[in-house]
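Summary of the model geometry
Each chain, written out:
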Amino acid sequence: MGSEGPTPVTIHVTGFKKFHGVSENPTETIVCNLREYLEKGGQPKDFVLGNCTILVTAGQGALPALNQMFQSAMSRKDADSSSSGKTILLHLRVNSGGTRFGIEQQAFNEATFRCPDEMGWKPHKAPIIPEDGGISHTRKTCLPVRQITTALAKKGYEVMASDDAGRFVCNYVYYQSLRFAEQNGMKSLFVHVPLFLTINEETQMQFVASLMEVLASLS
C-alpha cells in the first residue's frame, strides 16, 4: 500500500471586471495575482489552484467565459478520476458598501438589475433558468457556510454568512454555477469582498488564500 495523502481539492476562481460605480474591481486584482501570491507563499498541499477567470460584469454577457471555465473544470475533473467530487467553483465579487467579507449561502432564480449591466442588459423579475420554475426558487451551496465563516473568523477576519446575494450579476452568476455544480458533482461558493479602501489588498489576498485552505479542509 502507498503512503499517499488525500487527493488535493481543485479550486477554480473567478473575479469581475469594472462596473458602474467601481472603476477598479478588487476581485480582478485578486484573481489576476492569486497564482503568483500562492506560489510565493509555498505551493499549498491541500488544494490545487485551477483556472483563474475574469468575467465581464454582466449577466448573460458573462456566460461565454463562465461556460468556458465550467467546461475546463469538467475536462480537468474527467482527466483525474481520483479528484471526482473534489472540485470547487469559487466566485468573488466586490460589495462596494461592505465592511466585511460575505459568504453567500444561496442564489435566487431571479434577475432584477437595479441598473444596466456592462453589456446594457437590465432584466426585471426574469427567471434565470425558466425550467427551474418561478423567481422565488433558490439553489443553495452544499458547502458548510457556517463552519467556513467560523473558521475564518478564528483566523481574525471580519466575515459573515449571508443568505441574500441580491438579484444583480453576482446572484445571476452564482445561480448558474450552483446549477452546474449540482449537475456535475462539484461544489460552488460565492463570496463578496469589500473595496481595498475598506480592507487593504494584502489582507484580502491573505483572506482568499485562507478561504481556499478552509474549503479544502472541509471538502
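This text goes with the structure placed above it.
The structure reproduced in this document is the subject of the present report.

Calculation notes
Residues numbered from 1 in each chain as written. Predicted model: local features only at pLDDT ≥ 70, side-chain atom pairs only at ≥ 80, totals over all residues. Heavy atoms only, no water. Core = buried A, V, L, I, M, F, W, Y, C linked by side-chain atoms within 4.5 Å. Buried < 20%, exposed > 50% of the residue type's maximum accessible area, 1.4 Å probe, protein only. Contact = heavy atoms within 4.5 Å. Helix = DSSP H or I, 4+ residues; strand = E, 2+ residues; numbered from the N terminus. Expected span 1.5 Å × (residues − 1). Bend = angle between axes of the 7 residues up to and from the residue. 1 Å grid on protein atoms, 1.4 Å probe; cavity = no way out; pocket = protein on both sides within 12 Å on 5 of 7 lines; lining within 4 Å. Points joined across faces, edges and corners; volume = space filled by probe spheres on them. Nonpolar A, V, L, I, M, F, W, Y, C, P; charged D, E, K, R; others polar. Pairing = 2+ DSSP bridges. Axes fitted to C-alpha atoms, helices over the stretch in contact; angles between N-to-C directions. Phe/Tyr/Trp six-rings, centres within 6.5 Å; stacked < 30°, edge-to-face > 60°. Lys NZ or Arg CZ within 6 Å of the ring centre and 35° of its normal.

1. Observations concerning the nonpolar core
With 62 residues, the main nonpolar core has Leu 90, Leu 189, Phe 207 and Met 212 as its most contacted residues. Dropping the residues within four chain positions of it, Met 212 is found in contact with Ile 11, Val 13, Leu 34, Leu 38, Phe 47, Leu 49 and Leu 90.

2. Describing helix 4 (residues 169-183)
Between its first and last C-alpha, helix 4 extends 21 Å over 15 residues, near the 21 Å set by a 1.5 Å rise per residue. The element helix 4 is largely enclosed, with a buried count of 13 among its 15 residues. Gly 185 occupies a position one or two residues after helix 4 and carries a positive phi of about 65 degrees.

3. A word on helix 1 (residues 26-40)
Across its 15 residues, helix 1 extends 20 Å between first and last C-alpha, which sits within 8% of the 21 Å expected from 1.5 Å per residue. Considering bend angle alone, the principal kink of helix 1 is centred on Leu 34 and spans about 50 degrees. Those residues of helix 1 not exposed but buried are Pro 26, Thr 27, Ile 30, Val 31, Leu 34 and Leu 38. Of the surrounding secondary structure, the elements contacted by the buried residues of helix 1 are strand 1 (9-16), strand 2 (47-55), strand 3 (87-94), strand 8 (187-193) and helix 5 (201-218). Gly 42 occupies a position one or two residues after helix 1 and carries a positive phi of about 95 degrees.

4. Considering the layout of surface pockets
Taken as a whole, the largest pocket spans an internal volume of roughly 320 Å³. Lining of the largest pocket is provided by 22 residues; of these, Arg 93, Val 94, Asn 95, Ala 165 and His 192 occupy positions nearest its centre. Taken together, the elements giving at least two residues each to the lining of the largest pocket come down to strand 3, strand 4 (101-104) and strand 7 (159-162). Considering every element that reaches the lining of the largest pocket, the biggest residue donor is strand 4, with three residues. A breakdown of the residues in the lining of the largest pocket according to their chemical character gives seven nonpolar, nine polar and six charged.

5. Details of the sheet that holds strand 3
Pairing is mixed in the open sheet, where six strands are placed in the order 2-1-3-8-4-7. Strand pairing shows two members of the sheet lacking a second neighbour, strand 2 and strand 7, which therefore form its edges. Direction aside, neighbouring strands of the sheet carry axes that sit 25 degrees apart on average. When strand 3 meets strand 8, the two strands line up parallel, connected through seven bridges. Across the sheet, residue His 91 finds its bridge partner in strand 8, namely Phe 190. Packed onto the sheet, helix 3 (residues 145-154) meets strand 4, strand 7 and strand 8 and runs at close to 170 degrees relative to strand 7.

6. Comments concerning the packing of aromatic side chains
The description of an aromatic ring pair uses the distance of the two centres, along with the angle that the planes make with each other. Under the defined criterion, the tally for this structure stands at eight aromatic pairs. Between Phe 101 and Tyr 157, the ring centres sit 6.4 Å apart and the planes meet at 85 degrees, which makes this aromatic pair edge-to-face. In this pair, Phe 101 is assigned in strand 4 and Tyr 157 in the loop between helix 3 and strand 7, connecting sequence segments 56 residues apart. Taken individually, Phe 101 and Tyr 157 each receive the classification buried, so the pair is uniform in this respect. Taken together, a centroid distance of 5.3 Å and an interplanar angle of 75 degrees make the contact between Phe 113 and Trp 121 edge-to-face. Classification of Phe 113 by relative accessible area gives buried; the value is 2%. Look at Trp 121 and you get partly exposed, because its relative accessible area is 24%. In this structure, Arg 114 packs its charged tip against the face of Phe 168, placed 4.7 Å from the ring centre. Positioned above the aromatic ring of Phe 108 is the side chain of Arg 167, whose terminal nitrogen or guanidinium carbon lies 3.8 Å from the ring centre.

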